Amino acid sequence: MLIVNLAIFVALLLLLAILFRKTQKLGQTVFIGLLLGLACGTLLQVNYEQPLLSSTLDWINIVGNGYVRLLQMIVMPLVFVSILSAISRINQTSSLGKISVSVLSTLLITTAIAAAIGIAMVYIFGVSAEGLVAGDRELAAQTKVLSRADQVTGLSIPAMLVSFIPKNPFADLTGANPTSIISVVIFSAFLGVAALSLGKEDKALGERIVQGVDTLNKLIMRLVRFVIRLTPYGVFALMIKMSATSKWADIVNLGNFIVASYVAIGLMFLVHGILLFLFKVNPFDYYKKVLPTLSFAFTSRSSAATIPLNIETQTNKLGNNNVIANFAATFGATIGQNGCGGIYPAMLAVMVAPTVGVDPFSVSYILTLILVVAISSFGIAGVGGGATFAAIVVLSTLGLPLELVGLLISIEPLIDMGRTALNVNGAMVAGTISDRLLNKKF
């Protein structure tokens, strides 16, 4: 049966390839791949025992995980070269400060709004930590959470900010640290400013530097386009894995928390649309253009891996300035994540507070929680599991127990998909708003 399963999988991949070749509509093909993956994964889980299911998914994961690794392969070169290329063409270095302030402000403000929405959903749906049962998986997850908590004990905001500054850019280019993306952005920005300074002293040398960087940028962008064309097949395989491995019994047991989480995520998408409308961007056109990118973020559960798609969508479909798009996509992968850094830790903090005798809906607690969530959203790793780190930081800062993070492990992947899509959308919204706000005057 393994061979039959793989033959059907290959046939569906070919079907997606034929569909894309005829229509040349990447977004439509990605969406079809997502639906096909959901259906195929559900059928695999219903019809096969664990040994055959695992062996089938091992082969299917070659496509899904392989696509994610290809995207991860181009993240650092893309961030480094595209930001260096963009900055080397800016007329005034002061524009970098305006871009950074605009992007970061939008990310942090929307994260604070997301935290407020998460708090409201816990109140409306009456979600609490009572009655949660810790099985073997949950107990193992609790141990892992507590071990990760040791890494953030005594973590201060100044120390976190210092960690962004690269001490070894070559190590950061390999993604050695959770904040490597931000470090690469800072290193690229300094190199770009240096190129601008050389250009003012020696115009001919400055032009040669710009031409060399631009050539390298075009090469990387061509590589990015090759990889992005594989998106429908990657999404298809990733969705099969998700739907085939989801524990539906766990989903039913924790359904109230899942519903509350997705209502909060949906409301935050609505808030994004309202903000876009205020800056004269049609929300319906916007969401139509960004749907393929959100689909990949949803299935991959990785904000970092979505950076290439994020940048291409902002520049080619939304018309955002290249510098702003790069800053928004890279900062948004590790700072101010609306889903992982905003909604999730806020909901957990409200659910846990009553267990230690704290009124979670007092004005003072809510204001403190929103402030802590916004500040703690700096430096969240843009990969699957970043929400766990954010929750640990927030709960530790407020002096709350961490066990609930482990108790929710059974439904973590399901909620994380929606959170990641929201994270990526928040980054694109920050880029779009900053682009309209600054009016491209640089």
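Our subject is the structure that appears above.
Residues numbered from 1 in each chain as written. Predicted model: local features only at pLDDT ≥ 70, side-chain atom pairs only at ≥ 80, totals over all residues. Heavy atoms only, no water.

### Focus: the nonpolar core
Phase 1 of the analysis: Core analysis: the largest hydrophobic core is formed by 107 residues, its most contacted members being Phe296, Phe327 and Leu369.
Phase 2 of the analysis: In terms of residue count, helix H3 (residues 50–87) provides more of this core than any other element does, 14 residues in total.
Phase 3 of the analysis: Formed by 16 residues, the second largest nonpolar core is a distinct cluster that contains Leu12, Leu16, Ile60 and Ala244. (Core = buried A, V, L, I, M, F, W, Y, C linked by side-chain atoms within 4.5 Å. Buried < 20%, exposed > 50% of the residue type's maximum accessible area, 1.4 Å probe, protein only. Helix = DSSP H or I, 4+ residues; strand = E, 2+ residues; numbered from the N terminus.)

### Quick notes on the packing of helix H12 (residues 255–278) against helix H20 (residues 412–438)
Phase 1 of the analysis: Where H12 meets H20, the closest approach of the two axes is 10 Å, and the angle between their N-to-C directions is 10°. Here H20 runs roughly parallel to H12, going by the angle between their axes. Between H12, through Phe257, Ile258, Ser261, Tyr262, Ile265, Met268, Phe269, His272, Leu275 and Leu276, and H20, the contact on the second element is made entirely by Leu414, Ile415, Met417, Gly418, Arg419, Ala421, Leu422, Asn425, Gly426, Val429, Thr432 and Ile433.
Phase 2 of the analysis: Split by residue class, the contact of H12 with H20 holds 15 nonpolar, six polar and one charged. (Axes fitted to C-alpha atoms, helices over the stretch in contact; angles between N-to-C directions. Parallel < 35°, antiparallel > 145°, perpendicular 65-115°, else oblique. Contact = heavy atoms within 4.5 Å. Nonpolar A, V, L, I, M, F, W, Y, C, P; charged D, E, K, R; others polar.)

### Some thoughts on the side chain of Thr330
Phase 1 of the analysis: By the element assignment, Thr330 lies in helix H15 (residues 322–332).
Phase 2 of the analysis: There is a polar contact of 3.3 Å between the side chain of Thr330 and the backbone oxygen of Phe327.
Phase 3 of the analysis: Setting aside anything within four residues of it in sequence, one finds Thr330 in contact with Val79, Ile83, Ile181, Val185 and Ile307. (Polar contact = N/O pair within 3.5 Å; in protein donor to acceptor, adjacent residues only side chain to side chain.)

### Observations concerning the packing of aromatic side chains
Phase 1 of the analysis: Within this structure, the stated rule accounts for eight aromatic pairs.
Phase 2 of the analysis: Taken together, a centroid distance of 5.9 Å and an interplanar angle of 15° make the contact between Phe80 and Phe187 stacked. In this pair, Phe80 sits in helix H3 while Phe187 sits in helix H8 (residues 180–201), placing the two residues 107 residues apart along the sequence.
Phase 3 of the analysis: Ring geometry for Phe257 and Tyr344: centres 6.5 Å apart, planes at 70°, overall edge-to-face. Pair noted here: Phe257 is in helix H12 and Tyr344 is in helix H16 (residues 338–352), with a separation of 87 residues, a long-range link. (Phe/Tyr/Trp six-rings, centres within 6.5 Å; stacked < 30°, edge-to-face > 60°.)

### Some thoughts on the environment of Gly175
Phase 1 of the analysis: Along the chain, Gly175 falls in the loop between helix H7 (169–172) and H8.
Phase 2 of the analysis: The spatial distance from the C-alpha of Gly175 to the C-alpha of Gln72 is 9.4 Å, given a sequence separation of 103 residues.
Phase 3 of the analysis: Discounting chain neighbours no more than four positions away, the residues touching Gly175 are Met76 and Ser180.

### Observations concerning H15
Phase 1 of the analysis: Burial within H15 is extensive, with ten of its eleven residues counted as buried.
Phase 2 of the analysis: Residues Val323, Ile324, Ala325, Asn326, Phe327, Ala328, Ala329, Thr330, Phe331 and Gly332 constitute the buried set of H15.

### A look at the pattern of salt bridges
Phase 1 of the analysis: Scanning the entire structure with this criterion turns up three salt bridges.
Phase 2 of the analysis: Residue Lys218 pairs with Asp214 through a salt bridge whose shortest N-O separation is 3.7 Å. Within this pair, Lys218 and its partner Asp214 are both found in helix H9 (residues 203–228), separated by four residues, close to a single helical turn.
Phase 3 of the analysis: Residue Asp214 is classed as buried on the basis of its relative accessible area of 18%.
Phase 4 of the analysis: In this structure, Asp435 and Arg436 form a salt bridge, with 2.8 Å as the shortest nitrogen-oxygen distance.
Phase 5 of the analysis: On the basis of relative accessibility, which here comes to 30%, the residue Arg436 falls in the partly exposed class. (Salt bridge = Lys/Arg side-chain N within 4 Å of Asp/Glu carboxyl O.)

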